Each structure stands twice: as C-alpha cells, then as structure tokens.
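# Coordinate analysis (summary)
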Amino acid sequence: MKDDEKLDLSALDVLASPARFEQRVSTLTARVLAARRQRASLLGQLLAWAGPCLATAAVLSALAWVPALVRPAEPPSAEAVLRDWAGRSQPPSAQELVLTFGASGNDARR
Amino acid sequence: VPAEETNAVLIARALRGEAAATEALVRRHLRAAVAVALAVTRDAAEAEDVAQDAFLQAFEHLESCREPERFAGWLMRIVRHRALNVQLRRKRHATTTEQLTAAEPPQVDAPDAAGVGVRQRLRAGLDTLPPKQREVVLLHDLEGWTHREIADALDISEVMSRQHLFTARRALRARLGEAPSPGEADEG
C-alpha cells in the first residue's frame, strides 16, 4: 500500500447510519433554536423593562431636587448681621433693628 | 437550502432566526465536529456529546464569529477546546478516584456491532498518533475534507496538513500491519 492512498476509516464513523445522522441533526437543530429563542426572550424582557426603569429613575431623581429648589433661603443669623453692622461706617436703621431683633425675639418666645 | 450558500450567508440567515439556515449549518459541520472531538477524546459517545455542546456554545455566540466564511475553523476550535476540557476532567476523575485504569484510551466504537475488530485495530493505531495527526487523518480520510479546508480549520499550513496526513497514514498502516484492509475485514 502507498502512503498517499486514502485509508478506509469508515469503521470509526460514529454517524455512518443516515437515520442516526438525520436524528442527530434534527435534535441538535431543535436544541440550538430553543436556546436562541430562550436567550432572545430573556433579552427582550430585559429591554422591555429597561425603558420604564430608566424613566422611573429619572423622575425620582428630579423629585429629589424639588425640596432643595423650593425651600426658602435661611435668614442670616443675628451674629452675622451684627458683624455686618460693625463693618459699616454707618449705624443700622430703625427698620433693620426691628426686622433683626423683632424676628429673633419671636424665635426666642417660641 | 441551496448548496451554493456560503457559511456567511447561512450565518446571517441563522442570526435572523431562520431554522432552515441553522439546520443547514448543523448538517454541514456536524460530522467534522464529531471527528475532531473523536480525535481528542477517542470516545464515540463523548465525541458526540462534545460536538453537540460545542454547537450550542457556537450558536449562542454566533454574533461574535467575526469571519463567518471561516465558521468551520471557529467551530472546530470550540470543539477542540471542549474536548480537551472533557479529557482533562476524565483524567482528574480517574486520578482522584484512584481508578488509573480508567485513564486508558476509551473505546472508539461506533454504536453498531459491525466491524468491531477493524475498529479496535484502527483505534489502537490512532492511539499511537499525536492529536493533530489524528484530526488531520480523520478529517481527510473519514470526512473527505481537502487540505485547504483542514489547514483553515486547524490553523496550520496546507503543507503541514499534507505532512501530518502522510505520517499518520504510514503509522496507521504500519500498525495495521498484515491485517486485512478495513474494507474487507469483519464484514462477514
């Protein structure tokens, strides 16, 4: 025999029987298609949920900022006002005195 | 599915969910996948399982096959990788359970009962070959692949494919010795 002649290895052919081959092809194809369908379905569910989840997150994030935006600015403390007056060359007006100490007096009574 | 459809066309159609294209790809490559798995595991049942699992893995990541025309090579790499993992697990199992005899090369028998003697001689011969030579001789002489196809699938040159085939055939023939040729033996 020559080494360039084809060897008959048909005895090793696992899928020699046409019926067996066809059965393996159809079983494997069905498994592949089922796996792909399952994967597509999972991906579809994830994508379907992604939109509403993102929208909800955006709304919650916006709502979290609302209190900070609508809350009125804190009035300056009496110490800060006194420091301001001390830095000025002129004394505070009567209106400023009433507004500052009147408000503080109310707070103290409460 | 028309015979002239390339792997690239079939893959594009399979990605669109066409069952016929998926089946065509399975039909076109199943035998070679089993042959490559057989070359590594040397066990018929294991080779079939490995090939099936490799197909499932390949189709799960079909989008990542960057060169669809070279699908066969891509698939065979997955098959070989899985087969090597199975072989490694088997060896570990044999060692941990102190069943070292189980590490002997398993049977390569096809499920039918015919030609057992020939199969045993061929198996003994294949066991003496390095894995790459086993892959080449099985793909060429059993599956009818060309050297170009083998080179592409196994990431070797065509010259190396020819060299492996020549060496493998010579070793197998020497092993078979004066035994009757496989086509004649155990038939009656």
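Check the entry above for the structure.
Here's a quick rundown of the structure. Position labels on residues start from 1 in each chain and follow its written sequence. Chain A is the first chain written and ligand 1 is the first ligand written, with later ones labelled in order. With the structure being a predicted model, the display of local features is reserved for residues of pLDDT at least 70 and the display and counting of side-chain atom pairs for 80 or more, all residues being used for whole-chain, interface and lining totals. In computing side-chain properties, one takes all heavy atoms of the structure into account and sets aside hydrogens as well as water.

### Regarding the environment of Thr128(B)
Residue and element names in this part refer to chain B. The secondary structure listing takes helices from DSSP runs of H or I that are at least 4 residues long and strands from runs of E that are at least 2 residues long, numbered from the N terminus. Within the secondary structure, Thr128 sits in the loop between α5 (116-127) and α6 (131-142). Among the residues examined, Thr128 registers a relative accessible area of 42% and is labelled partly exposed. Separated by 43 residues in sequence, Thr128 and Ala171 have C-alpha atoms that sit 8.0 Å apart. Distance and chemistry together define a polar contact, namely a pair of N or O atoms within 3.5 Å, with one atom able to donate a hydrogen and the other to accept it when in protein, and with adjacent residues in sequence counting only for side-chain atoms on both sides. A distance of 2.5 Å separates a polar side-chain atom of Thr128 from the backbone oxygen of Gly125. Burial here depends on accessible area, computed with a 1.4 Å probe over protein chains only, as a share of the maximum for the residue type. Under 20% is buried, over 50% is exposed, and the range in between is partly exposed.

### So, the packing of helix α7 (residues 147-154) of chain B against helix α8 (residues 158-176) of chain B
Residue and element names in this part refer to chain B. Simply put, an axis is a line fit to the C-alpha atoms, just over the touching stretch for a helix, and the angle between two N-to-C directions goes from 0 to 180 degrees. For the pair α7 and α8, interaxial distance at closest approach is 8 Å and the crossing angle is 105°. Here α8 runs roughly perpendicular to α7, going by the angle between their axes. Here His147, Arg148, Ile150 and Ala151 of α7 lie close against α8, whose contacting residues are Glu158, Ser161, Arg162 and Leu165. Under the convention adopted here, Pro, Cys and the residues Ala, Val, Leu, Ile, Met, Phe, Trp and Tyr are nonpolar, Asp, Glu, Lys and Arg are charged, and Gly plus all remaining residues are polar. When the residues that make up the contact of α7 with α8 are grouped by side-chain class, the tally is three nonpolar, two polar and three charged. An angle counts as roughly parallel when it lies under 35 degrees, as roughly antiparallel when it exceeds 145, as roughly perpendicular when it falls between 65 and 115, and as oblique in every other case. Any two residues whose heavy atoms approach within 4.5 Å are treated as being in contact.

### What about the interface of chain A and chain B?
Tallying the contact residues gives 28 residues for chain A and 43 residues for chain B. Accessible area that two parts lose when put together, evaluated with a 1.4 Å probe and summed over both, is termed the buried area. With both sides pooled, the region where chain A packs onto chain B buries about 3500 Å², and carbon together with sulfur makes up 65% of that total. Between Glu22(A) and Arg27(B) there is a salt bridge, with its nearest N and O atoms 2.6 Å apart. Remark: the boundary between chain A and chain B carries eleven residue pairs in polar contact (both at pLDDT 80 or more). In terms of residue class, the side of chain A that touches chain B is built from 13 nonpolar, two polar and 13 charged. The working definition used for a salt bridge is a side-chain nitrogen of Lys or Arg within 4 Å of a carboxyl oxygen of Asp or Glu.

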